[in-house]
Amino acid sequence: MTMLKILVGVFLCLSSVVSGQYDDGFLQVDYENLSYNDISDPEEATPTPCKSTELTKWDKLFSMLENSQMRENILLQYVDEIIKVELQSIRDEMHQFVANFAGTCTNAIDSASTRITSQLEGKLMQIAERIGDTNTVHQSQHYKVLEQLLVASQDTAYRLSKIESAWQNGAEAQGLHSKFKQQDVSVYTGLEKVMDSMAYDLQKTRAELQLSQKWVAQHFLPSGCEVALLFPMRSRKIFASVNPAASMTLDSFTACIWSKVTDALNKTVLFSYGTKRNPYEIQLSLSQQSAVLSVGGDTYSTVASNVATVGEWVHFCGTWRSNDGNASLWVNGELAATSTGVAEGHPIPDGGILQLGQEKNGCCVGGFDEKLAFSGKLTGFNIWDKVLDKEQIAHLAKGEGSCSTRGNVVGWGVTEILPHGGAQYIH
């Protein structure tokens, strides 16, 4: 901008000088002065200073532009300073606010967190105590509640079917005499829809009860049983030895056990008792889905078909009498198979080996065969020196104190049963 003003001033000065030497548009030349075109000495030359003229409208315009630019710059600088001051004051106020209230908020949050944590710990302790108190009660009562619900649903379905049949019969009889009114038809239609909905709900409830029963059977021990023996895999080294509390000289017996098998082959031994002379004095085994009771040798057997379910708890009881050779197999409290003439007149001798999950037949190193080994869970093993009646056997399978009723020869929870090779007790 300054350079432009200088150039304009020089231009104006030159214009004034040139215009002074002209007269009426003609240039005056002195031809008589021969020294006109000579270059004079510098000492004789007298420079003529450029006289400043008044400001033109362009000078004023440029001056106004400069003034407006300066004012704009000053205004922007002032606004920036105001914004910086305001921001600094806001920042100071925020720091002061945080300094004043941070301690109070932190204390309040800490106290609230402490109070909530203590309440949660108390609730968790109460829940744990309730679970511990009601665990056994829940296990024993779960089956009973489910059975009651199932019976109630069946009874309700039966009553609804009777109501439906009675309604249909009444509708047919009424149709013989007169037509229904429109209102009656709508009422009966609504009733039929309600009955259909109830029937659907009952079917759904029954399916849910069945699923619940299946889940309970898979995840809980039988009612009244607190511990079980786990056989994690099929191995000739995994078994449990039993030391009977009384003599094994028997002319009759009842042997019961709860079983939850992982996999059953052609022969999977639940328990066996044998001597050096006869390793098959008493044996209860599974063959695929069948249960086999052998007495006095493997040729004398009683077989119950389609009674063993993989992955579910099943209660087995075997009974035998020497005087008539009557042998029976009971599954879940129900008679499943019976035979006569099984080892009739043969006494069971004492001095043998009683064990769970294997048989000692002398076939292999150590006397065990891994193909006969049991894998799964066993509990509630009891032996009596007599034949129990059907009510007692049903109570063992369906009663609340299944494992609390103990045999006088072997009593679960009383007689010494030692696990070997990886078998272990679980709760």
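Given the structure is predicted, the values throughout are model-derived calculations rather than measurements. (Residues numbered from 1 in each chain as written. Predicted model: local features only at pLDDT ≥ 70, side-chain atom pairs only at ≥ 80, totals over all residues. Heavy atoms only, no water.)

Turning to the packing of aromatic side chains, a few remarks are in order. Under the defined criterion, the tally for this structure stands at four aromatic pairs. On the basis of an interplanar angle of 85° and a centroid distance of 5.6 Å, the ring pair of Phe231 and Phe374 is categorised as edge-to-face. Of this pair, Phe231 sits in strand β3 (residues 228-231) while Phe374 is found in the loop between β13 (353-356) and β14 (376-384), placing the two residues 143 residues apart along the sequence. Each member of the pair, Phe231 as well as Phe374, is classed as buried. (Phe/Tyr/Trp six-rings, centres within 6.5 Å; stacked < 30°, edge-to-face > 60°. Helix = DSSP H or I, 4+ residues; strand = E, 2+ residues; numbered from the N terminus. Buried < 20%, exposed > 50% of the residue type's maximum accessible area, 1.4 Å probe, protein only.)

This part takes up the confidence of the model for the protein. Summary statistics for the protein give a mean pLDDT of 76 and a share of 67% for residues scoring 70 or more. Looking over the protein, one finds the lowest element-wise mean pLDDT in strand β1 (residues 22-23), namely 41, and the highest in strand β11 (residues 327-331), namely 96. Low pLDDT, under 50, characterises residues 13-31; the predicted model gives this stretch nine contacts beyond four residues in sequence or across chains. Of the regions scoring below 50 in pLDDT, residues 33-45 engages in three contacts with residues more than four places distant in sequence or in other chains. (pLDDT = per-residue confidence, 0-100. Contact = heavy atoms within 4.5 Å.)

Our focus in this paragraph is the environment of Ile417. Mapping Ile417 onto the fold places it in strand β15 (residues 416-420). If we ignore the near neighbours within four places in the chain, the residues touching Ile417 are Leu229, Ala240, Ser241, Val242, Leu356, Trp412 and Tyr425.

As a further point, take the sheet that holds strand β10 (residues 314-321). What the seven strands build is an open sheet, ordered β12-β11-β10-β5-β14-β3-β16; its pairing is antiparallel. In the strand order of this sheet, the two ends are held by β12 (334-339) and β16 (424-426), each with one partner. Across the sheet, the axes of successive neighbouring strands diverge by a mean angle of 30°, strand direction being ignored. The pairing of β10 with β11 spans five bridges and is classified as antiparallel. Looking at the pairing, Cys317 lines up with Trp330 of β11. Each of β5 (252-261), β10, β11, β12 and β14 is contacted by helix α4 (residues 390-398), which is oriented at about 155° to β10, the strand it contacts most. (Pairing = 2+ DSSP bridges. Axes fitted to C-alpha atoms, helices over the stretch in contact; angles between N-to-C directions.)

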